[in-house]
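In case you want the letters, here they are:
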Amino acid sequence: MSEPSVFTRILRGEIPSEIVAETENVFAIRDIAPQAPVHLLVIPKSEQYRNVVELAAGDPALLSELVGLARTVADEHAAGDFRLIFNTGAGAGQTVFHVHAHVLAGDLSEGSLGG
């Protein structure tokens, strides 16, 4: 059996983090290495899905709930304007293989955050 993800450990209270919003199945926290003035992570409570492709195929309702919570935190923290980013695979920058969305906001321009 694999070790629980960092997100599961945060949810269990094993690693400190402020949960900024939560539903029955999804929670949101601040990113510890923000890439924008507002950088939140929205995460399913279940570790069942490694990336957004698996989540979309396996539980579209959970993906919808995740996107809904992303919109809610964007409304609360960024007046509703935001980017929603899913990294899928190590080559795309995914470092935690427990599906999660990055909510980025705050004075972003079209070319910002590019490599």
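Structure: above.
Residues numbered from 1 in each chain as written. Predicted model: local features only at pLDDT ≥ 70, side-chain atom pairs only at ≥ 80, totals over all residues. Heavy atoms only, no water.

(A) Fine view of the pairing of strand 5 (residues 101-105). Summarising burial for strand 5: five of the five residues are buried, a large majority. Pairing of strand 3 (residues 38-44) with strand 5 involves five bridges; the strand directions are antiparallel. When the sheet's bridge partners are listed, valine 38 is paired in strand 5 with alanine 105. (Buried < 20%, exposed > 50% of the residue type's maximum accessible area, 1.4 Å probe, protein only. Helix = DSSP H or I, 4+ residues; strand = E, 2+ residues; numbered from the N terminus. Pairing = 2+ DSSP bridges.)

(B) Structural detail: the nonpolar core. Ranked by size, the top nonpolar core spans 22 residues in total, and within it Ala28, Val42, Leu55, Leu69, Val73 and Val103 carry the most contacts. Sort the elements by how many residues they give to this core and helix 3 (residues 60-78) lands first, with eight residues. Residues contacting alanine 28, with those up to four places away along its chain left out, are Glu18, Ile19, Val20, Ala21, Leu41, Val42, Leu69 and Val73. Formed by seven residues, the second largest nonpolar core is a distinct cluster that contains Ile10, Phe27, Leu41 and Val96. (Core = buried A, V, L, I, M, F, W, Y, C linked by side-chain atoms within 4.5 Å. Contact = heavy atoms within 4.5 Å.)

(C) Inspection of the pattern of salt bridges at higher detail. Under the criterion given, the structure shown has four salt bridges. Among the ionic pairs, glutamate 14 bridges to arginine 9, the shortest N-O distance being 3.1 Å. Across the pair glutamate 18 and arginine 30 runs a salt bridge, and its minimum N-O distance is 3.4 Å. Here arginine 30 lies in strand 2 (residues 26-30) and glutamate 18 lies in the loop between helix 1 (6-11) and strand 1 (19-22), a separation of twelve residues in the sequence. Overlapping salt bridges, with partners in common, bring together Arg9, Arg12 and Glu14 in one network. (Salt bridge = Lys/Arg side-chain N within 4 Å of Asp/Glu carboxyl O.)

(D) Geometry of the environment of leucine 84. Along the polypeptide, leucine 84 turns up in strand 4 (residues 83-85). Residue leucine 84 is classed as partly exposed on the basis of its relative accessible area, which comes to 30%. Between the C-alpha atoms of leucine 84 and valine 38, which are 46 residues apart in sequence, the distance is 12 Å. With residues near it in sequence (within four places) discarded, leucine 84 still touches Val67, Ala70, Ala101, His102 and Val103.

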